[in-house]
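# Structural features, examined
Residues per chain are reported as follows:
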Amino acid sequence: AGGHGTRFASQQDAPKQFLSWRGMPLFWHAALPFTHVARVKGIVFVFPGEFLEEAREDIAGRMQEETPGLPWLAVAGGASRQESVHAGINTLPRECDCVLIHDAARPFVSPVLVNRVLDGLEGGEAAVIPGIAVTDTIKEVDAAGHVRATHERDGLRAVQTPQGFRLDAPRAGLGTGKH
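Residues numbered from 1 in each chain as written. Predicted model: local features only at pLDDT ≥ 70, side-chain atom pairs only at ≥ 80, totals over all residues. Heavy atoms only, no water.

## Quick look at helix α2 (residues 52–66)
- Its 15 residues give α2 an end-to-end C-alpha distance of 20 Å, which sits within 8% of 21 Å, the value for a rise of 1.5 Å per residue.
- The complete set of buried residues in α2 reads Leu52, Ala55, Ile59, Arg62 and Met63. The arc that holds every buried residue of α2, seen down its axis, measures 100°, which confines them to one face. Turned more than 90 degrees from where α2 packs its buried face, Glu54, Glu57, Gln64 and Glu65 sit exposed. (Helix = DSSP H or I, 4+ residues; strand = E, 2+ residues; numbered from the N terminus. Expected span 1.5 Å × (residues − 1). Buried < 20%, exposed > 50% of the residue type's maximum accessible area, 1.4 Å probe, protein only. Arc of directions from axis to C-beta.)

## Details of the side chain of threonine 35
- On the secondary structure map, threonine 35 appears in helix α1 (residues 26–35).
- Among the polar contacts listed, one links the side chain of threonine 35 to the backbone oxygen of leucine 32, at a separation of 2.6 Å. (Polar contact = N/O pair within 3.5 Å; in protein donor to acceptor, adjacent residues only side chain to side chain.)

## Notes on the sheet that holds strand β5 (residues 98–101)
- Sheet architecture is open: three strands sit in the order β5-β11-β6, paired in antiparallel fashion. The sheet is open, and its two borders are formed by β5 and β6 (127–128), each paired with just one other strand.
- Pairing of β5 with strand β11 (residues 163–166) involves four bridges; the strand directions are antiparallel. Within β11, the residue paired with cysteine 98 across the bridge is arginine 166. (Pairing = 2+ DSSP bridges.)

## Digging into the packing of aromatic side chains
- One pass over the full model with this rule turns up five aromatic pairs.
- Measuring from centroid to centroid gives 6.5 Å for tryptophan 28 and phenylalanine 45, while their planes differ by 20°, and the two rings are stacked. One end of the pair, tryptophan 28, is in helix α1; the other, phenylalanine 45, is in strand β3 (residues 43–47), and 17 residues separate them in sequence. This pair shows no difference in class: tryptophan 28 is buried, exactly as phenylalanine 45 is.
- Summarising the aromatic geometry, the rings of phenylalanine 45 and tryptophan 72 are spaced 6.4 Å apart at their centres and angled 80° between planes, so their arrangement reads as edge-to-face. With a gap of 27 residues between them, phenylalanine 45 in strand β3 and tryptophan 72 in strand β4 (residues 72–76) connect regions that are remote in the sequence.
- Overall, the relative accessible area of 6% leaves phenylalanine 45 in the buried class.
- For tryptophan 72, a relative accessible area of 26% translates into the label partly exposed. (Phe/Tyr/Trp six-rings, centres within 6.5 Å; stacked < 30°, edge-to-face > 60°.)

## Topic: the pairing of β11
- As defined by bridge partners, β6 adjoins β11 across two bridges and the pair is classed as antiparallel. The residue bridging alanine 127 from the neighbouring strand is phenylalanine 165, located in β11.

## Considering the packing of α1 against α2
- Contact geometry of α1 with α2 gives a least axis separation of 12 Å together with a crossing angle of 35°. Here α1 runs over α2; the crossing is right-handed. Contacts between α1 and α2 involve Phe27, Trp28 and Leu32 from the former and Asp58, Ile59, Arg62, Met63 and Glu66 from the latter.
- A class-by-class count of the residues in the contact of α1 with α2 yields five nonpolar, no polar and three charged. (Axes fitted to C-alpha atoms, helices over the stretch in contact; angles between N-to-C directions. Left-handed = near helix turned anticlockwise from the far one by under 90°. Contact = heavy atoms within 4.5 Å. Nonpolar A, V, L, I, M, F, W, Y, C, P; charged D, E, K, R; others polar.)

## Some words on the environment of alanine 74
- Positionally, alanine 74 belongs in strand β4.
- For alanine 74, a relative accessible area of 5% translates into the label buried.
- Counting along the chain gives 15 residues from alanine 74 to isoleucine 59, while the straight-line C-alpha distance between them is 8.5 Å.
- Discounting residues that sit within four places of it in the chain, alanine 74 has contacts with Phe45, Phe47, Leu52, Arg56 and Ile59.

## Structural notes on the pattern of salt bridges
- Per the stated rule, a full pass over the model turns up six salt bridges.
- Across the pair glutamate 122 and arginine 39 runs a salt bridge, and its minimum N-O distance is 2.8 Å. Placement of glutamate 122 in helix α4 (residues 111–122) and of arginine 39 in the loop between α1 and β3 is noted, with a sequence separation of 83 residues between them.
- Looking at arginine 39, the relative accessible area reads 26%, which means it is partly exposed.
- A salt bridge links aspartate 97 to arginine 166; its shortest N-O distance comes to 3.8 Å. Highlighted residues: aspartate 97 in the loop between α3 (81–90) and β5 and arginine 166 in strand β11, separated in sequence by 69 residues. (Salt bridge = Lys/Arg side-chain N within 4 Å of Asp/Glu carboxyl O.)

Keep in mind that these numbers describe shape and distance, not what the molecule does.
Here's what the structure looks like:
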């Protein structure tokens with residue numbers, strides 16, 4: 001939830017993850033399925049700094065009412081998605097061996113998908129990134145918009161979240177400038 005939603009409509013006062021839908025902000029719809037997965041041991045929310053305190057107050061009430069006892073933190077993100085992920089990973093306890101990174105503006109994640117990603121990590125994968133087969137025709141174009149190539153759909157996937165990672169690899173990359 002660390003982003004500012006720059007691809008979204010510019011007439012709103014807050015980033016899209018704070019939009020209310022069915023009486024709750026999108027970020028809460030996105031987080032709630034994780035609270036229903038027993039293997040999830042805590043949640044780190046990453047927000048734009050200017051919305052952090054208000055978001056913390058909102059989460060405190062929701063966590064107390066709906067998922068008492070699940071540890072959580074809310075921290076300020078950075079100027080980019082990579083910096084926000086870095087901020088979130090840096091708050092995790094050292095004994096945490098894997099992380100699921102989810103886009104707070106994607107409210108339709110399911111506990112089933114969360115468990116499938118965790119299954120892959122527990123099965124020894126270093127990273128598990130869910131994807132959906134592409135059904136549309138994909139064209140590669142040049143700067144002028146002229147078609148350069150048509151890609152076969154068989155080898156293409158639309159990447160989804162949550163994306164799961166064993167933490168030894170991301171932590172090693174945090175100190176190198178690679179994200």
